Amino acid sequence: QSVLTQPPSVSEAPRQRVTISCSGSSSNIGNNAVNWYQQLPGKAPKLLIYYDDLLPSGVSDRFSGSKSGTSASLAISGLQSEDEADYYCAAWDDRLNGPVFGGGTKLTVL
Amino acid sequence: EVQLVESGGGLVQPGRSLRLSCTASGFTFGDYAMSWVRQAPGKGLEWVGFIRSKAYGGTTEYAASVKGRFTISRDDSKSIAYLQMNSLKTEDTAVYYCIRGAVAGPLPFDYWGQGTLVTVSS
């Protein structure tokens, strides 16, 4: 059971917009920055969004992050087949004194 | 270009030990925290532990599942981070990733190695 809660899967058609939620508590998301990672099939994860809503250099601006209270969201607009991947959120947890992950969300582009 | 290359994975029997190495290049290794994250086959990501930079004490933190069995260390002169795994259990079977953290702490995990597979089985 992951500390952060994500939907196991989401799906949407190409060129549409999808959001992936990440729910936590006051000890993690509510008090610390959220980061998002994309893991393509058979590959290592890659940083997608950091400090809630910042994009690393080279990441498409079709990806965006937001946070409100103890929940965060990753939005992907203009969906492409290459976006099919697993997406994970992560944040520092003050109570556990370490980073915690969501269980991951598998995105299917229909 | 930042690169992290893990090595040392393989098949090991339960109760035995294994040491993973992470060789870094492309940045000033000693300035950054370094972490290990694992992923069991078909499962999600699990943080294992991290080591702070010397500037922040060089101290370590571990997940409850590995505390007392795993030890992270670093050799800044060689730009290598290590994960010493003792008393291995079958549930430790996973791909282990080495990750660069930030200057002040482990997050965000901005650069990941390709991972090395550890299989614990008799």
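*Asks:* Could you clarify how one ought to interpret the sheet that holds strand β5 (residues 63-68) of chain A in this entry?
*Replies:* Strand pairing in a sheet is mediated by backbone hydrogen bonds. Such pairs are either parallel or antiparallel. All names here are of chain A. Spatial strand order, β2-β6-β5: three strands in an open sheet with antiparallel pairing. This sheet does not close on itself; its edge strands, each paired only once, are β2 (18-23) and β5. Recorded for the sheet is a direction-independent mean angle of 20° between the axes of neighbouring strands. As defined by bridge partners, β2 adjoins strand β6 (residues 71-76) across six bridges and the pair is classed as antiparallel. In the sheet register, Thr 19 faces β6, and the bridge partner there is Ala 75.

*Asks:* Would you mind going over the sheet that holds strand β1 (residues 3-7) of chain B with me for this structure?
*Replies:* Residues and elements named next belong to chain B. Strands sit in the order β1-β3-β8-β7 across an open sheet of four strands; the sheet is antiparallel. Unpaired on one side and paired on the other, β1 and β7 (70-75) mark the two borders of the sheet. Mean inter-strand twist for the sheet, computed between neighbouring axes without regard to direction, equals 15°. Looking at chain direction, strand β3 (residues 18-25) and strand β8 (residues 80-85) are connected through six bridges and run antiparallel. When the bridges of β8 are listed, Ser 21 appears paired with Tyr 82.

*Asks:* Honestly, the interface of chain A and chain B in this entry has me stumped. Any pointers?
*Replies:* Note: interface size is frequently given as the accessible area lost on complex formation between the parts. Between chain A and chain B, the contact holds 17 residues from the first and 18 residues from the second. Carbon and sulfur atoms make up 69% of the surface buried where chain A meets chain B, a total of about 1400 Å² over both sides. When the area that chain A buries against chain B is broken down by residue, the three leading residues are A:Pro45, A:Pro99 and A:Phe101, summing to 36%. Inspection of the region where chain A meets chain B yields zero salt bridges. Linking chain A to chain B there are five residue pairs in polar contact (both at pLDDT 80 or more). Here the side of chain A that touches chain B is composed, by residue class, of 11 nonpolar, five polar and one charged.

*Asks:* Teacher, can you tell me more about the side chain of B:Thr93 here?
*Replies:* Residues and elements named next belong to chain B. The topology assignment puts Thr 93 in the loop between β8 and β9 (94-100). Overall, Thr 93 belongs to the buried group, its relative accessible area being 16%. A polar side-chain atom of Thr 93 sits 2.9 Å from the main-chain amide nitrogen of Val 120. Not counting the four nearest positions on each side in its chain, Thr 93 is found in contact with Ala 40, Pro 41, Val 118, Thr 119 and Val 120.

*Asks:* What should I look at first to understand unusual backbone geometry in this one?
*Replies:* Backbone geometry follows two general trends: most residues other than glycine have a negative phi, and most peptide bonds adopt the trans configuration. With an omega of -5°, the peptide bond running from B:Leu107 to B:Pro108 counts as cis. Along the chain, B:Pro108 turns up in the loop between β9 and β10 (111-112). Phi at A:Asp52 takes a positive value of approximately 80°, unusual for a residue other than glycine. By secondary structure assignment, the location of A:Asp52 is in the loop between β4 (46-49) and β5. When its relative accessible area of 19% is taken as the criterion, A:Asp52 is described as buried. Positioned with a positive phi, B:Ser87 is a non-glycine residue whose angle comes to about 50°. Examined against the element boundaries, B:Ser87 turns out to sit in the loop between β8 and β9.

*Asks:* Help me understand the pairing of β6(A) in this model?
*Replies:* On a regular strand, each side chain points to the face opposite its neighbour's, so the side chains alternate between the two faces of the sheet. Residue and element names in this part refer to chain A. Pairing analysis gives six bridges linking β5 to β6, with the strands arranged antiparallel. Bridge pairing in β6 links Ser 64 to Ala 75. Linkage of β5 to β6, two consecutive antiparallel strands, is achieved through a turn of two residues, within which Gly 69 is found at a positive phi near 65°.

*Asks:* I tried to follow the layout of surface pockets on my own but got confused; where do I start?
*Replies:* One water molecule sets the probe size; rolling that probe over the atoms shows where empty space is left. Each pocket or cavity is described by its volume, and for the largest pocket that value is around 600 Å³. Together, 33 residues line the largest pocket, and A:Ser2, A:Phe101, B:Leu45, B:Glu46 and B:Trp47 are the ones closest to its centre. Broken down by element, the residue count for the lining of the largest pocket peaks at four residues, all from strand β8 (residues 98-101) of chain A. When the residues that make up the lining of the largest pocket are grouped by side-chain class, the tally is 15 nonpolar, 13 polar and five charged.

What counts, and at which threshold
Residues numbered from 1 in each chain as written. Chains lettered and ligands numbered in written order. Predicted model: local features only at pLDDT ≥ 70, side-chain atom pairs only at ≥ 80, totals over all residues. Heavy atoms only, no water. Pairing = 2+ DSSP bridges. Helix = DSSP H or I, 4+ residues; strand = E, 2+ residues; numbered from the N terminus. Axes fitted to C-alpha atoms, helices over the stretch in contact; angles between N-to-C directions. Contact = heavy atoms within 4.5 Å. Buried area = accessible area lost by both parts, 1.4 Å probe. Salt bridge = Lys/Arg side-chain N within 4 Å of Asp/Glu carboxyl O. Polar contact = N/O pair within 3.5 Å; in protein donor to acceptor, adjacent residues only side chain to side chain. Nonpolar A, V, L, I, M, F, W, Y, C, P; charged D, E, K, R; others polar. Buried < 20%, exposed > 50% of the residue type's maximum accessible area, 1.4 Å probe, protein only. 1 Å grid on protein atoms, 1.4 Å probe; cavity = no way out; pocket = protein on both sides within 12 Å on 5 of 7 lines; lining within 4 Å. Points joined across faces, edges and corners; volume = space filled by probe spheres on them.

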